[in-house]
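Descriptive analysis of the structure
Here's the letter readout for the chains.
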Amino acid sequence: MEQKLRRGSLCVQAGYKAKNGEPIELPIIQSTTFKYDDSDEMAKLFDLEKEGYFYTRLQNPTNDAVAAKIAALEGGVGAVLTSSGQAANFYAVFNICEAGDHIVTSNEIYGGTFNLFGVTLKKLGIECTFVSPEASEEEIQAAFRPNTKALFGETISNPGCAVLDIEKFARIAHRNGVPLIVDNTFATPINCRPFEWGADIVTHSTTKYMDGMATQVGGCVVDSGNFDWLAHAEKFPGLCTPDESYHGLTYVKAFGKMGFTTKLVAQLMRDLGSIPAPQNSFLLNLGLQTLHLRMAQHCKNAQKVAEFLHDNEKVAWVHYCGLPDDKAYALGQKYLPNGSCGVIAFGLKGTRETAIKWMDSLEMINIVTHVADARTCVLHPASHTHRQLSDEQLRAAGVAPDLIRLSVGIEDVEDILDDIRQALDKI
């Protein structure tokens, strides 16, 4: 019987196993296409009657090995890598939605995803209703319509650091016959596996903790294999009725639990092509090998920084679920008992200019758009990532205008604290 590996071992070993005389490190198959001696053999690949590779826009051995590792870490049946986290969220939704459909989502999500769902999907004919994740089940239920096809949320919201009640969202989604899609970027499968709490599909921006070194942009869609699409066939014709653009194939009948990911590749990747380069997947795999070690250090450092900020007289408020008086503490203890992530949201007493002056006074900590990196990074969303939103829109998206997003890295925590302290002394 094959040994069942724990998460730390999966980070290192899953997805690729070298055979006798083969390279121990996952090879980069940097080729657009793959040769066959027999024309009929290639025809069977195009008909999805045989597994194999013929064009990297659809499948590539390097990409597939890394996708398999992430699927193993999340406990899913299959996964597909994408060119970015934004592409992953778009593909996860668009794989089951079309013009005339509707989704419901937590309003405490990344600004780019908020815009994707609220603006761009609307241009494609897909409507979105935003709800507070803290709302009652009855209030969230009221947002559903007969044409609703999915419920979406983030395990830990970016940048507000709210913790999603996954079980509550899963109950509501399944009561309405739709899947729960959870973006698990900040928690990573090291600290939370949403499938264990009822989620059906998980997405990631692999650009963040999974990479950990700011070397590549990427995303991933993971399917649990648990959602019964055929039980709700009238809601999901794309999966449950013949696809005339692919020889009349019905994905969930032909591929069972792999129907969702097969359709995503055979249809969406075929037509839209948001693939990662094999080189990027190779770099991502290097990051994954130390994910379990880095997440522990991120959480250890962030807890100390959050406690320091919590007790500092110049700090107006702090959101970090590791703090006992944080509103998300109980949810954090339930879903993230071993730690959440390295990201802290807080505000300083004063004006928007106070936050900017503090940031400009930092010496070691980097002001960057990026987050969830080995280096400690900081950002003021209202001035940077969310600057297109008014103060009213910011609050609707769960982002306070004075919010500072501090992504605590894996440096020596005393050096991080020293830099925060000396910058506070200058405001």
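For clarity, every value in this text was computed on a predicted model and none was experimentally measured.

Conventions used here
- Residues numbered from 1 in each chain as written.
- Predicted model: local features only at pLDDT ≥ 70, side-chain atom pairs only at ≥ 80, totals over all residues.
- Heavy atoms only, no water.
- Helix = DSSP H or I, 4+ residues; strand = E, 2+ residues; numbered from the N terminus.
- Rg over C-alpha atoms; globule rule 2.2 N^0.38 Å.
- Buried < 20%, exposed > 50% of the residue type's maximum accessible area, 1.4 Å probe, protein only.
- Contact = heavy atoms within 4.5 Å.
- Areas by Shrake-Rupley, 256 points an atom, 1.4 Å probe, with all protein chains shown as cover.
- Pairing = 2+ DSSP bridges.
- Axes fitted to C-alpha atoms, helices over the stretch in contact; angles between N-to-C directions.
- pLDDT = per-residue confidence, 0-100.
- Core = buried A, V, L, I, M, F, W, Y, C linked by side-chain atoms within 4.5 Å.
- Parallel < 35°, antiparallel > 145°, perpendicular 65-115°, else oblique.
- Left-handed = near helix turned anticlockwise from the far one by under 90°.
- Nonpolar A, V, L, I, M, F, W, Y, C, P; charged D, E, K, R; others polar.
- Polar contact = N/O pair within 3.5 Å; in protein donor to acceptor, adjacent residues only side chain to side chain.
- Salt bridge = Lys/Arg side-chain N within 4 Å of Asp/Glu carboxyl O.

What the chain contains, in helices and strands, is 17 helices and 12 strands. Here the chain has a C-alpha radius of gyration of 22 Å; the compact-globule value for 427 residues is 22 Å, and the two agree. Each of the three principal axes of the chain carries a C-alpha extent, and together these read 70 × 55 × 40 Å. Taking all 427 residues of the chain together, 55% fall into the buried category. Here the contacts in the chain between residues at least 6 apart in sequence split such that 72% fall between residues at least 24 apart. Summing over all exposed atoms, the chain offers an accessible surface of approximately 17900 Å²; the carbon and sulfur share of this is 51%.

This next bit is on the sheet that holds strand β6 (residues 201-205). Read from one edge of the open sheet, 7 strands run β1-β7-β6-β5-β4-β2-β3, paired in mixed fashion. Both edges of this open sheet fall to β1 (78-82) and β3 (127-131), since each of them pairs with a single strand only. On average, adjacent strands in this sheet sit at an angle of 20° to one another, irrespective of strand direction. Across 4 bridges, strand β4 (residues 148-154) lies against strand β5 (residues 180-183) in parallel orientation. Its bridge partner being in β5, glycine 153 is matched across the sheet by valine 182. In this fold helix α3 (residues 61-74) packs onto β1, β6 and β7 (219-223), with an angle of close to 125° to the strand it touches most, β1.

The share of residues in the chain with pLDDT of 70 or more is 98%, and the mean pLDDT across the chain is 95. Highest mean pLDDT in the chain belongs to β5 (99); lowest belongs to helix α16 (residues 391-396) (74).

Judged by nonpolar contacts, the single largest core of 98 residues is most densely connected at Ile70, Ile96, Phe117, Leu180 and Trp229. Beyond its immediate chain neighbours, meaning those up to four positions away, leucine 180 contacts Leu151, Phe152, Ile166, Phe169, Ala170, Ala173, Ala199, Asp200 and Ile201. Within the second largest apolar cluster, 27 residues are counted, among which are Met359, Leu362, Ile416 and Ile420.

On the secondary structure map, aspartate 425 appears in the segment after α17 (413-424). Taking the relative accessible area as the measure of exposure, aspartate 425 reaches 59% and is therefore exposed. It is 33 Å that separates the C-alpha atoms of aspartate 425 and leucine 293, two residues lying 132 residues apart in sequence.

Relative placement of two packed helices is described by the angle separating their axes and the distance separating the axes. The interhelical angle for the contact between helix α4 (residues 85-94) and helix α11 (residues 259-272), taken along N-to-C directions, is 115°, at an axis separation of 10 Å. The pairing of α4 with α11 is recorded here as roughly perpendicular in orientation. For the pair α4 and α11, the crossing hand works out as right-handed. Contacts between α4 and α11 involve Phe90, Tyr91, Ala92 and Phe94 from the first element and Phe260, Leu264, Leu268, Met269 and Leu272 from the second. In the contact of α4 with α11, the residues fall into 9 nonpolar, no polar and no charged.

Time to look at the side chain of asparagine 158. Among the secondary structure elements, asparagine 158 is positioned in the loop between β4 and α7 (166-175). There is a polar contact of 2.9 Å between the side chain of asparagine 158 and the side chain of arginine 405. Apart from the residues within four sequence positions on either side, asparagine 158 is in contact with Ile109, Tyr110, Gly111, Phe186 and Arg405.

In space, the 5 strands of this open sheet follow the order β8-β9-β12-β11-β10, with mixed pairing throughout. Both outer strands of the open sheet, β8 (315-319) and β10 (366-367), are each paired with one neighbouring strand and no more. Pairing geometry for β10 and strand β11 (residues 377-379), over 2 bridges, is parallel. When the sheet's bridge partners are listed, isoleucine 367 is paired in β11 with valine 378.

The residue valine 368 is located in the loop between β10 and β11 in this model. Between the C-alpha atoms of valine 368 and threonine 241, which are 127 residues apart in sequence, the distance is 46 Å. Leaving out residues up to four positions away in the same chain, valine 368 has contacts with Cys377, Val378 and Leu379.

This part is about the pattern of salt bridges. Applying the stated criterion to the full structure yields 13 salt bridges. For lysine 426, the salt bridge goes to glutamate 363, with nearest N and O atoms at 4.0 Å. With lysine 426 in the segment after α17 and glutamate 363 in the loop between α15 (352-360) and β10, this residue pair connects regions lying 63 residues apart in the sequence. A relative accessible area of 41% means that lysine 426 is categorised as partly exposed. One salt bridge connects arginine 421 with aspartate 418, and the closest N-O pair in it is separated by 2.9 Å. Residue arginine 421 and its partner aspartate 418 are located together in helix α17, separated by 3 residues, close to a single helical turn. Owing to a relative accessible area of 39%, aspartate 418 belongs among the partly exposed residues under this scheme. Residues joined in a network through salt bridges with shared partners are Glu137, Arg171 and Arg175.

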